[in-house]
Amino acid sequence: MRYFLWFLFLLATETAIAIFLKSGFIRHTFGDFLVVILLYCFFRSFWNTKPKIVGITVILIAYTIEFLQLFNFLEYMHLSHSTAAKLIFGNTFQFGDLLAYTLGIITILFIEHQFNSNGTSQNSRF
């Protein structure tokens, strides 16, 4: 339940970033950092498995979407004029986005490790 609440909080945060910020570090970098944590929390809400497995799954999804941008995926799928598709899939490939995704996953896995090593139970983590 806690993971889903964090997912909802992060979804609201990402939505606010998308609506109110059109450029800058928070929109283009911090948003990418948060989106992998958002996805991690979403998957952990329904998928009770090792944090590393979820982290690897999320980073693979994020990297796949980023690399699809190299091949003009939205144009190929005739979605280049869709605001929702551009928001979800992005417009341009950037190595900085890969770094933000990686740092986001490292951060959430570090948090998970800290909670696990402090002896907290499975249900009270994060």
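Just so it is clear, the model here is predicted, and its values are computed rather than measured.

### Some details on the layout of surface pockets
Line of reasoning, step 1. Roughly 1,000 Å³ of internal volume is contained in the largest pocket.
Line of reasoning, step 2. In this structure, the largest pocket is lined by 31 residues; those nearest its centre are D32, K86, L87, I88 and G90.
Line of reasoning, step 3. The set of elements that each furnish at least two residues to the lining of the largest pocket consists of α1 (2-20), α2 (25-46), α3 (51-68), α5 (83-89) and α6 (95-117).
Line of reasoning, step 4. In terms of residue count, α2 provides more of the lining of the largest pocket than any other element does, nine residues in total.
Line of reasoning, step 5. Looking at the lining of the largest pocket residue by residue, the class counts come to 16 nonpolar, nine polar and six charged.

### Section: the packing of α3 against α6
Line of reasoning, step 1. The interhelical angle for the contact between α3 and α6, taken along N-to-C directions, is 170 degrees, at an axis separation of 10 Å. Comparing the axis directions of α3 and α6 gives the class roughly antiparallel. For the pair formed by α3 and α6, the contact residues are P51, K52, G55, V58, I59, A62, Y63, E66 and F67 on the first element and D97, L98, Y101, T102, I105, L109, E112 and N116 on the second.
Line of reasoning, step 2. For the contact of α3 with α6, a count of residues per class yields ten nonpolar, three polar and four charged.

### A look at the packing of α2 against α3
Helix packing geometry: the angle between the two helix axes and the distance between the axes.
Line of reasoning, step 1. Taken N-terminus to C-terminus, the directions of α2 and α3 make an angle of 130 degrees; their axes are 9 Å apart at the nearest point. Of the possible angle classes, the one that applies to α2 and α3 is oblique. The interaxial crossing formed by α2 with α3 has right-handed handedness. Here V36, L39, Y40, F43 and R44 of α2 come into contact with α3, specifically with P51, V54, G55, V58, I61 and A62.

Calculation rules
Residues numbered from 1 in each chain as written. Predicted model: local features only at pLDDT ≥ 70, side-chain atom pairs only at ≥ 80, totals over all residues. Heavy atoms only, no water. 1 Å grid on protein atoms, 1.4 Å probe; cavity = no way out; pocket = protein on both sides within 12 Å on 5 of 7 lines; lining within 4 Å. Points joined across faces, edges and corners; volume = space filled by probe spheres on them. Helix = DSSP H or I, 4+ residues; strand = E, 2+ residues; numbered from the N terminus. Nonpolar A, V, L, I, M, F, W, Y, C, P; charged D, E, K, R; others polar. Axes fitted to C-alpha atoms, helices over the stretch in contact; angles between N-to-C directions. Parallel < 35°, antiparallel > 145°, perpendicular 65-115°, else oblique. Contact = heavy atoms within 4.5 Å. Left-handed = near helix turned anticlockwise from the far one by under 90°.

Read these as layout, nothing more, since geometry by itself doesn't imply function.
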